[in-house]
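# Structural overview
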Amino acid sequence: AWTMVNIVDEAVAAVRAQVGGARLICGLSGGVDSAVAGALVQRAVGDALTCVFVDHGLLRAGEAEQVERDFVASTGVELVHIKAADRFAAALAGVTDPEQKRKIIGREFIRVFEEAARDLEARAEAAGSRIEYLVQGTLYPDVIESGSPDAAKIKSHHNVGGLPDDLQFGLVEPLRTLFKDEVRRLGEELGLPEEIVWRQPFPGPGLAVRIIGEVTPERLEIVRAADQIVRDEIRRSGLEREIWQVFAVLLADVRSVGVQGDERTYGHPIVLRAVTSEDAMTADWARLPANLLERISNRVVNEVPQVNRVVYDITSKPPGTIEWE
Ligand code: XMP
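Residues numbered from 1 in each chain as written. Predicted model: local features only at pLDDT ≥ 70, side-chain atom pairs only at ≥ 80, totals over all residues.

Among the nonpolar cores identified, the biggest contains 84 residues, and Leu24, Cys26, Val36, Val41 and Ala226 are the most heavily contacted of them. Of the domains in this structure, domain 1 (4–197) and domain 2 (216–312) are the two that each give at least three residues to this core. Beyond its immediate chain neighbours, meaning those up to four positions away, Leu24 contacts Val19, Val41, Val45, Ala48, Leu49, Ile131, Tyr133, Val135 and Val172. (Core = buried A, V, L, I, M, F, W, Y, C linked by C-beta atoms within 7 Å. Buried ≥ 20, exposed ≤ 12 C-beta atoms within 10 Å, placed from the backbone. Domains from an automatic or database assignment. Contact = placed C-beta atoms within 7 Å.)

This part covers helix 2 (residues 32–45). Helix length check: helix 2, at 14 residues, gives a terminal C-alpha distance of 20 Å against a target of 20 Å (1.5 Å per residue), a fit within 8%. Counting buried positions along helix 2 yields 13 of 14 residues, so the element is predominantly enclosed. Positive phi shows up at Gly46, right after helix 2, with a value of about 60 degrees. (Helix = DSSP H or I, 4+ residues; strand = E, 2+ residues; numbered from the N terminus. Expected span 1.5 Å × (residues − 1).)

Quick look at helix 8 (residues 180–189) now. Every α-helix winds through 3.6 residues per turn, so residues three or four apart in the chain are directed the same way. Buried residues of helix 8: Lys180, Val183, Leu186 and Gly187, and no others. One side of helix 8 holds all its buried residues, which, seen down the axis, span an arc of 115 degrees. Those residues of helix 8 hidden inside the fold are in contact with helix 1 (4–19), helix 2 and helix 9 (194–197). Positive backbone phi, approximately 85 degrees, marks Gly191, located one or two places after helix 8. (Arc of directions from axis to C-beta.)

Our next topic: the domain arrangement of the protein. Assigned domains of the protein: these are domain 1 (4–197) and domain 2 (216–312). Taken together, the 8 residues of domain 1 in the interface contact 8 residues of domain 2. A per-class count over the side of domain 1 that touches domain 2 returns 5 nonpolar, 1 polar and 2 charged. (Nonpolar A, V, L, I, M, F, W, Y, C, P; charged D, E, K, R; others polar.)

Here it is, written out as structure tokens:
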């Protein structure tokens, strides 16, 4: 019979068969997929796995700390935390095209991994071991969207396409055949905490694709602050699990006139995006209660000084995508 226990056993066996006694490195993104992939591979190979958490500075508020604390506590995995925000910021300076952002972030990500791997190898020199594999939390929908010729033109997901030609690792992708709900059940079966298993999907390129226009440290702060308010209010409303993704998008190159107190303002709009979905292939805009929308709007405009307007995205996928970039 098809059960989660069988799925875990089979996936563990498949990973062992693929990698033998080789050492592996796993990049944690802060999301569910890489955490479950990492925990699964940890179950399969134990100490042969080292997880690397690259903080590219494009994460949501509090996320880096949560990965370090919750993931390590629940898996006991060896974690290397690399703070690379400056490097990503420099690489993204002046870039506005969404696909360029993805390519740059994907490329830097892999390079940071390779450097981390070399560091780890240098330390393990005495054992004569090499790191041969990179673990990635690629899901079935990622494979489909990047694999079909039409979809590939629409969006290159950095965890499937966009890998540099000089990539020196083999890939281990234990979630390649699974949908999100299956990955969550797998995560629960592996004993990961609720905060990780039920975290909403978050794109690898992070907040960079939620700033429409150039990514700058100041813009990151704005979208991060707005996003934190949005998530906070959604959590309080109890609707978090019913909503596939909810987040803020900063229209960084758009300004509109407003009035606050006696002051004329000329600030940026935040787009509130909330969708329901089964697998991200299609999505419907979420019918959030009007009073919740009101609370989010009031708080964002009052608490984020650069923002003077909140608009709600009522586009489904298709024809929209979930993200704005
Ligand atoms: P779209 O915007 O294509 O998003 O409807 C579908 C799902 O994929 C996520 N997404 C990404 N995930 N790297 C990722 O790892 C990416 O470049 C990327 N772009 C979109 C998105 O958040 C949604 O869950």
